Amino acid sequence: MNWITNYVRPRINSIFSRREMPENLWTKCDECGTMLFHRELSGNLNVCTSCGYHMGITPRARFAALFDGGVFTEVAVPAPTPDPLQFRDQKKYPDRLRTAQKTTGEKEAMLVATGEIGRTPIVAAAQDFSFMAGSMGMYVGNAIIAAAEQAVQLKRPLILFSAAGGARMQEGILSLMQMPRTTVAVQMLREAGLPYIVVLTHPTTGGVTASYAMLGDVHIAEPNALICFAGPRVIEQTIREKLPEGFQRAEYLLEHGMLDRVTPRTELRDDLITITRMLMGLPPAVKADLPAPAPLAIEAQATDDAEK
């Protein structure tokens, strides 16, 4: 009996027992609860295929889907003074930065790149909400200035994807000073006659909304994105009234004239190509290339021309 209990039964169980699946193969939609296979989800740009809910997406994944062939060149951003205020809450500020860098694999909360979309050269900048909630610190200010300078130098439009919880508290007043700095950067584009297009993603709040995120020539938002300065809970507690349904969401702001359009992420690239080329005075983008003529067809055409 011991032999059956100790050897045979565990052996049978190991053969017929259900294999454990890696945790990263499936993602549960926060909106509808559908379990989504990771390849299906990434192929749809982190948009739920069941209900259309837009999940977070990293700047690199966004740029890979945005630029032609997923090819782009990063723009160097000047590094600011680390921890200028020697700030400490529950952790030291440098420790928080190292944790965020290790988790995301990125240097900071914004990525700047150059490339082409629909054969239209552009400069793009995108915030990473997974990096300390995409908070606006000195590096983000430097990144936007670097993006604007690159756009002016190359005479290209600038497309910015915002996603932030506001200013970075660990940098205090230095973080708030990025609001006027980035406003000046946007003015550089205006004076150069270059388009500045802002894509507001979930969430875009605080000082980001009060500066560069709302200074674009065209404002596009992803569906159901929260876009505000102060959050709904803070407003309700202040005015002691219940806010309207969908207040501060992209669709509500579109209805009240704060946005130009709300576009699903899967359709955003085509919209940006059309708008960018229109603002730059370029002809409509070529949707697809015709295949090269076959060698025999070329020879036949040459023979016909010679006989004529």
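A description of the overall build of the protein should follow, citing residues and the corresponding values.
Across its full length, the protein holds 11 helices and 9 strands. Put simply, the protein has 308 residues, and 39% of those count as buried. Within the protein, counting contacts between residues at least 6 apart in sequence, those at least 24 apart form 67% of the total. About 17,800 Å² of surface is accessible on the protein, with carbon and sulfur atoms providing 55% of the total.

Describe in detail the layout of surface pockets, supporting the description with residues and values.
Size it by volume and the largest pocket reaches roughly 500 Å³. Along the walls of the largest pocket sit 28 residues, with His54, Met55, Gly56, His202 and Arg265 positioned nearest its centre. Partitioned by chemical class, the residues of the lining of the largest pocket number 12 nonpolar, 9 polar and 7 charged. As a volume, the second largest pocket reaches approximately 210 Å³. Lining the second largest pocket are 15 residues, and of these Pro80, Pro82, Leu97, Gln101 and Glu108 sit closest to its centre. At the level of elements, α4 (93-104) and α5 (138-154) are the ones that each hand at least two residues to the lining of the second largest pocket. Residue contributions to the lining of the second largest pocket peak at 4 residues, all from α4. For the lining of the second largest pocket, the class distribution of residues is 9 nonpolar, 2 polar and 4 charged.

Can you lay out helix α7 (residues 178-191) for me, pointing to particular residues and giving the numbers?
With 14 residues, α7 extends 20 Å from end C-alpha to end C-alpha; this agrees with the ideal 20 Å at 1.5 Å per step. Of the positions making up α7, those classed as buried are Gln178, Met179, Thr182, Ala185, Val186 and Leu189. What you see down the axis of α7 is that its buried residues fit within an arc of 125 degrees, all on one side. In α7, the exposed positions that point more than 90 degrees away from the buried face belong to Val184 and Glu191. Close packing links the buried residues of α7 with α5, β6 (158-164), α6 (172-176) and β7 (196-204). A positive backbone phi angle near 70 degrees is found at glycine 193, which sits one or two residues after α7.

Rules of the game
Residues numbered from 1 in each chain as written. Predicted model: local features only at pLDDT ≥ 70, side-chain atom pairs only at ≥ 80, totals over all residues. Heavy atoms only, no water. Helix = DSSP H or I, 4+ residues; strand = E, 2+ residues; numbered from the N terminus. Buried < 20%, exposed > 50% of the residue type's maximum accessible area, 1.4 Å probe, protein only. Contact = heavy atoms within 4.5 Å. Areas by Shrake-Rupley, 256 points an atom, 1.4 Å probe, with all protein chains shown as cover. 1 Å grid on protein atoms, 1.4 Å probe; cavity = no way out; pocket = protein on both sides within 12 Å on 5 of 7 lines; lining within 4 Å. Points joined across faces, edges and corners; volume = space filled by probe spheres on them. Nonpolar A, V, L, I, M, F, W, Y, C, P; charged D, E, K, R; others polar. Expected span 1.5 Å × (residues − 1). Arc of directions from axis to C-beta.

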